[in-house]
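Fold and contact review
Each chain, letter by letter, is given below.
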2 protein chains.
Amino acid sequence: MSFTNEAEIKKEVERQFDILKRGCDEIINESEFKKKLEKSISTNTPLRIKLGIDPSGTDLHFGHAVPLRKLKQFQDLGHQVFFLIGTFTGRIGDPTGKSETRKMLSAEQVQENIKTYLDQVSLILDLDKIKVVYNGDWLEKLNLEDVLRLLSQFTVSQMISREDFAKRLSENKPVSLIEFMYPILQGYDSVELRADVELGATEQKFNLLRGRDLQKNAGQEQQVCMIMPILEGLDGVEKMSKSLNNYIGVKDSPNDMFGKVMSVSDDLMYRYYEVITEVAQEEIAKMKEEINNGTLHPMEAKKRLGEEVVKIYHNEEESKKAREWFENVFSKKNLDVDLPEVELEYKEIGVIDLLVRETGLLSSTSEARRLVEQGGFKINDEAVKDVKAVVKIQNGMVIRAGKKKIVKVK
Amino acid sequence: MSFTNEAEIKKEVERQFDILKRGCDEIINESEFKKKLEKSISTNTPLRIKLGIDPSGTDLHFGHAVPLRKLKQFQDLGHQVFFLIGTFTGRIGDPTGKSETRKMLSAEQVQENIKTYLDQVSLILDLDKIKVVYNGDWLEKLNLEDVLRLLSQFTVSQMISREDFAKRLSENKPVSLIEFMYPILQGYDSVELRADVELGATEQKFNLLRGRDLQKNAGQEQQVCMIMPILEGLDGVEKMSKSLNNYIGVKDSPNDMFGKVMSVSDDLMYRYYEVITEVAQEEIAKMKEEINNGTLHPMEAKKRLGEEVVKIYHNEEESKKAREWFENVFSKKNLDVDLPEVELEYKEIGVIDLLVRETGLLSSTSEARRLVEQGGFKINDEAVKDVKAVVKIQNGMVIRAGKKKIVKVK
C-alpha cells in the first residue's frame, strides 16, 4: 500500500505510531520516530527494526515475549525486522542487572542455544519473514585497530555511569574491562545493521543509546530506542524469571498456561492484558469498568485472559479445552480429567517436604507452612492442617496446594 | 665467560646487581632480579631486557638517556637488549603524566619519528648489538577475540587506580577508553618478548606491572620492573623537557653541552654525576668531601662533569676543546673564539624583547627584567640596566645574559 496524499500519510503515521507505542516504557525519541515513520510511509521503504538476542541459553517466557510481540507488530505493519543473534557478544555475556561477571560461552554452546531459541521464537514470529543475522559475521573480522577506533569514542566516566557498573564499583565488586565492550559492540551492531529502531528492556537503555552515539559518529541517522517494560512475574512483584519460578513459558502446555494466568492478582491481570495480548485498549478499559460496577466477575475476565494467551501460543481449540479442564478441576472439582502427574521418591514424607522438595508445588518452606496452616493443602480433597504430619504416598493420590495447583501421584 | 663454581656465581650475581642497581628508583623485586641473574650466569643465558619506546617524535635529551644508559650497562654485562618500538601503541599515545588525550599518529609519522629516534639512540647504544623489535608486528594481528581475552584479565578499579587516570577522573576530565589499552598492550608486549626485565620511568610503573600480570596469566616467569628516576632539568626543579627549555639534548654541540652543565646548581651537579655519567660512586663521594672541606672548588667539579658528558656524546678531544672555549669566553672573557651566532629581525629593539623574543636567551619577561635590573645583561661587555632601553643592533655585537649565556649578532 502506498500513500501519496500528505494528509493520508500523516494519518498513517499516527496510526502506526499509536499501535507501536502501546506497552512501551519510553521511546527515544518520539519525534524522531514519527519522522522515520513518515519517511518510511511516503517512500514506501520499510524501517529496519533490530532486536538483539544474547544466546545465553534460556527458555522463553512471557517476559521475553514482550519485545518479540512488539516486533510482530512492526512486521505486520510492513517493516523489516532483524533478529540479531549475538553469536559473538553472547560469548562475552553482559552483566546488566546482575552482580557477577558471566562466564564466556563456548562457540558450540552458543550454536546449541540459538537453535533452541529460534525454535521457541517461531511460536511468536514467522521466521521466514524476518532476517536473522549473526554479529559474529562482522565482529569476528574486527582487528585491534578497529577496536581502538571504537574505544576512542567513549570515555571512562560515560561507561561507569551505567547503573549496574556504578553500583558494583561502589560496592567494591569487580567489573571486568571486557564488560565495557558489551555496550560498545551492541552499539556497533546497530551501525552494521543501519538500524532505524532498536528494542530493548529498561536495563538495556544504556546500551541502546551507545548505538545512537556510534551511528552519529559514523554519519548515520540515529536509531530510535524503544524501551520495553520488564514484565512482572506471577507474584506481581518480582521480574518474571525462571529462577524465581514465577513465569509462564511460551512452551508451557495449554493447561499450565491457563492455570498460571488464573493464579495472578486482578491488578496483574490488567497489566498482562495490556502487555501480552492484542486485546484493544478500549476493550480492556470497558472490562475494568464492568468489573468495578459489578457486571463482570473478575474470574470471568481472567478466564478470558487465559483463553487469549493459549490462543496466541497454541490455538483456539486448545484454549477452549484448557478452560474446560480448569473449570472441571478447580470449579466443578471434577477430577475425572487428565491431571499433571508426579513420580515421588519417598513412600512416607512430611507435608512441608512433600510440597516444596518433592512436588515443587511451592517454592519455600515458609510458604508451605502458611498454606498448610490455612487449610490449603489437601490430600484427595481432605485438608491436612498439621505442618508436622507425615503423608503415606499412594498411587493415584491427588495433592492440592491452594486453589490452582494440583498433581496426581503416578 | 662462564662460571661453574657456586661461590663465583654468587659473587658475579652481586657484582652485576650492584652495577645495575645504581641510579634505579626501585626494582620490583630485588630477590627475583638476583634469581634471574643467577640463572643467567649459571646457565650462560643472557637475560632479555626490554625498553619500550613510544615513537611520538622527540629530540632525545639526557632525561631520555637515563634508561638508555642503563641498557648499555646490561649490554656490557652480556645481556640481550630489546629495543621495543611501539609502532602500534605509539599511534594511540599514552596520556601518562599528561592531562589530555593524545592524538593518534599516522603510520607515516611513526616511521619518520623512529628513524630520527634511532639516529639519536646510536649516540648511546651500538644499534648492531641490540635487537630492535616493533610491536606492530604482533599487535596488528590481534583480533577482537584476542583483545577481549586481554581485557578480561583486568578490572575497571585496577585501571582507574592509575594515578593520572584517578586524577583526571576526579577532576571530571575525560579519560578515553582507548587509554586503558595502552598499559594492557604494553604488558602484552612483555609476553610476546618473554621479557626478563623491563625498564621504565616512575610514571610507567603501573604499565610495567601489567606486564607481570599478563606474563603470570600466560604461565611465564614474571618480568622484573626496573623503575628509573625522572631526571630534573637544568633548573633543578622541573622534569627535564624540551617544552620547559631546561634540557641538554644528546645532539647538542660540545660547547652547548658543556655550557649547560656549568649552569646547574651544586646539588644538581652531584645528581647528574650519579645518573648521567659512569664516574664511580666512590669518586663522587670523594669529590663531595673535597668540596665540603674546601680542597676542591665546585667550579672545577662542574667542569669535570662537563667534560664527562661531552666525552660520552662526542669524544675526549671535543671535551677538552669545549672546556677551553668555556674558560676563554666566561672566565678569561676572551671573545676571540667562535661564539654562537644569531640573526636578528629588528634593527632597533627593547632589551626585554631582545632577550626573550629575539634571541631566546631567556624564556620569560619576568626573568629578563630581573636579569637586566641586576646588571646581568651586557652589550659588548657593558651592562644595560634600564629595562626600557632600546638597543640599536649592529653586526658583531656580543650579547650576554648572565654568566653563562652569550651570543654574537651575525
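The residue numbering used here restarts from 1 in each chain and proceeds along that chain's sequence as written. Note on labels: chains are lettered from A, ligands numbered from 1, in written order. Per-residue local features are limited, in this predicted model, to residues with pLDDT of at least 70; the limit for side-chain atom pairs, both in listing and counting, is 80 or more; totals at the level of whole chains, interfaces and linings are taken over all residues. To get the side-chain values, all heavy atoms of the structure are used, and hydrogens and water are removed first.

Next up on the list: the domain arrangement of chain A. The figure often quoted for interface size is the accessible area lost as the parts come together. Residue and element names in this part refer to chain A. Annotation comment: domain bounds sourced from an automatic or database domain assignment. According to the domain assignment, chain A consists of domain 1 (6-228), domain 2 (252-332) and domain 3 (341-409). The C-alpha centroid of domain 3 is placed 27 Å from the C-alpha centroid of domain 2. Here's the idea: put two parts together, see how much 1.4 Å probe accessible area each one loses, and the total over both is what we call buried area. Across the domain 2/domain 3 interface, buried area totals approximately 440 Å², and carbon plus sulfur atoms make up 69% of it. Salt bridges are defined by distance alone: a side-chain nitrogen of Lys or Arg within 4 Å of a carboxyl oxygen of Asp or Glu. Taken together, the links from domain 2 to domain 3 amount to zero salt bridges.

Residues and elements named next belong to chain B. Orientation of helix α3 (residues 62-76) relative to helix α14 (residues 298-313), taken along the N-to-C sense of each, is 70°, at an axis distance of 14 Å. Taken together, the axes of α3 and α14 are roughly perpendicular relative to one another. With respect to the hand of their crossing, α3 and α14 are arranged in left-handed fashion. Touching Phe62, Ala65 and Arg69 of α3 are Val309, Ile312 and Tyr313, all from α14. Tallied by class, the residues present in the contact of α3 with α14 amount to five nonpolar, no polar and one charged. Interaxial angle, 0 to 180 degrees, is taken between N-to-C directions of lines fitted to C-alpha atoms, where a helix line uses only the stretch in contact. Put simply, DSSP marks the helices as runs of H or I at least four residues long and the strands as runs of E at least two long, and each gets a number from the N terminus on. Should an angle fall under 35 degrees it is called roughly parallel, over 145 degrees roughly antiparallel, and 65 to 115 degrees roughly perpendicular, with every other angle called oblique. We call a crossing left-handed when the near helix sits turned anticlockwise from the far one by less than a right angle, and right-handed when that turn is clockwise. Note on definitions: a residue-residue contact is assigned when non-hydrogen atoms from the two residues lie within 4.5 Å. Basically, the charged four are Asp, Glu, Lys and Arg, the nonpolar ten are Ala, Val, Leu, Ile, Met, Phe, Trp, Tyr, Cys and Pro, and anything else, Gly included, counts as polar.

Now for the sheet that holds strand β9 (residues 377-379) of chain A. Residue and element names in this part refer to chain A. Within the open sheet, the five strands sit side by side as β7-β13-β12-β9-β10. Their pairing is mixed. Each edge of the open sheet carries a strand with a single partner, namely β7 (341-342) and β10 (382-383). Here, strands pair whenever DSSP counts at least two bridges between them. Bridge count between β9 and strand β12 (residues 398-401): three bridges; the pairing is antiparallel. Bridge pairing in β12 places isoleucine 379 opposite isoleucine 399. Here helix α15 (residues 316-331) sits on the sheet in contact with β12 and β13 (405-409), set at roughly 85° to β13. Along the sheet, helix α16 (residues 351-358) makes contact with β9 and β12, crossing β9 at roughly 100°.

Before going further, it helps to examine the packing of aromatic side chains. Stacked, tilted and edge-to-face pairs are distinguished by plane angle, under 30 degrees for stacked and over 60 for edge-to-face with tilted covering the rest, among Phe, Tyr and Trp rings (Trp via its six-membered ring) whose centres lie within 6.5 Å. Taken as a whole and assessed by the stated rule, the structure comprises 12 aromatic pairs over all chains. Ring geometry for Phe83(A) and Tyr117(A): centres 6.3 Å apart, planes at 35°, overall tilted. Taken together, the residues Phe83(A) in strand β3 (residues 80-85) and Tyr117(A) in helix α4 (residues 107-121) connect sequence positions 34 residues apart. Both residues of the pair, Phe83(A) and Tyr117(A), belong to the buried class. With a centroid separation of 4.9 Å and an interplanar angle of 25°, the aromatic rings of Phe62(B) and Tyr313(B) are classed as stacked. Taken together, the residues span a long stretch of sequence, with Phe62(B) in helix α3 and Tyr313(B) in helix α14 at a distance of 251 residues. Just as Phe62(B) is buried, Tyr313(B) falls in that class too. An aromatic cluster is defined as three or more aromatic residues linked by ring pairs; in this entry it consists of Phe17(A), Phe33(A) and Phe74(A). To sit over a ring, a charge needs its Lys NZ or Arg CZ within 6 Å of the ring centre and within 35 degrees of the ring normal. Between Arg162(B) and the ring centre of Phe165(B), over which it is positioned, the NZ or CZ distance is 4.1 Å. Only protein chains enter the accessibility calculation, which uses a 1.4 Å probe; a residue whose area is less than 20% of its type maximum is buried, one above 50% is exposed, and one in between is partly exposed.

Looking now at the interface of chain B and chain A. Contacts between the two partners involve 30 residues from chain B, matched on the other side by 30 residues from chain A. Where chain B abuts chain A, roughly 2500 Å² becomes buried across the two surfaces, and 78% of that area is made up of carbon and sulfur atoms. If you look at where chain B meets chain A, you find zero salt bridges. Whenever two N or O atoms come within 3.5 Å, that pair is a polar contact, provided that in protein one can donate a hydrogen and the other can accept it, and provided that, for residues adjacent in sequence, both atoms are side-chain atoms. At the surface where chain B touches chain A, the tally comes to six residue pairs in polar contact (both at pLDDT 80 or more). Of all elements in the fold, only α6 (144-151), α7 (156-160) and α9 (178-193) of chain B reach the threshold of two or more residues within the side of chain B that touches chain A. Looking at side-chain class alone, the side of chain B that touches chain A contains 22 nonpolar, five polar and three charged residues.

The subject of this paragraph is the relation of the copies chain B and chain A. Each copy superposes on the other: chain B lies on chain A with an RMSD of 0.1 Å after a rotation of 180° and an axial shift of 0.1 Å. Expressed as an axis order, the relation between the two copies is that of a two-fold axis. Among all residues of chain B, the one whose C-alpha sits closest to the rotation axis is Asn143(B), at a distance of 2.1 Å. Both copies present the same face, since 100% of the interface residues in chain B are matched by interface residues at the equivalent positions in chain A. The atoms used to superpose the copies are C-alpha atoms, taken from residues with pLDDT of at least 70 in both, and the fit is least squares.

What follows deals with the packing of helix α11 (residues 254-262) of chain B against α14(B). Residues and elements named next belong to chain B. Interaxial distance between α11 and α14 falls to 9 Å at its minimum, and their mutual angle equals 145°. As α11 runs across α14, the sense of the crossing is right-handed. Contacts from Pro254, Met257, Phe258, Val261 and Met262 of α11 reach α14 at Met299, Lys302, Lys303, Leu305, Gly306, Glu307, Val309, Val310 and Tyr313. Its residues assigned to classes, the contact of α11 with α14 comprises 10 nonpolar, one polar and three charged.

As for its position among the elements, Arg323(B) is in helix α15 (residues 316-331). Leaving out residues up to four positions away in the same chain, Arg323(B) has contacts with Phe258(B), Glu300(B), Lys303(B) and Glu307(B).

The next thing to look at is the UniProt feature "binding site: ATP" (unreviewed entry) in chain A. All names here are of chain A. UniProt positions are given in the numbering used here, feature names are shortened, and annotations may be inferred rather than shown by experiment. Sequence positions flagged by UniProt for "binding site: ATP" (unreviewed entry) are, in local numbering, Lys242. By secondary structure assignment, the location of lysine 242 is in the loop between β6 (224-228) and α11 (254-262). Lysine 242 gets classed as partly exposed once you look at its relative accessible area, which sits at 46%. Here lysine 242 is in contact with Asp59, His61 and Tyr247, once residues within four sequence places are set aside.

Residues and elements named next belong to chain A. Here glutamate 382 is to be found in strand β10. Glutamate 382 sits in the exposed class, given a relative accessible area of 60%. For the pair glutamate 382 and lysine 205, spaced 177 residues apart in sequence, the C-alpha to C-alpha distance is 51 Å.

The omega torsion of the bond from Ile28(A) to Asn29(A) falls at -15°, within 30 degrees of zero and hence cis. You can see Asn29(A) is positioned in the loop between β1 (26-28) and α2 (30-43). Unlike most non-glycine residues, Asn44(B) shows phi in positive territory, near 55°. By the element assignment, Asn44(B) lies in the loop between α2 (30-43) and β2 (48-53). With relative accessibility at 51%, the residue Asn44(B) sits in the exposed group. In this structure, Asn172(B) takes a positive phi of about 60° despite not being glycine. Residue position: Asn172(B) is located in the loop between α8 (163-170) and α9. Residue class for Asn172(B) comes out exposed when judged on its relative accessible area of 70%.

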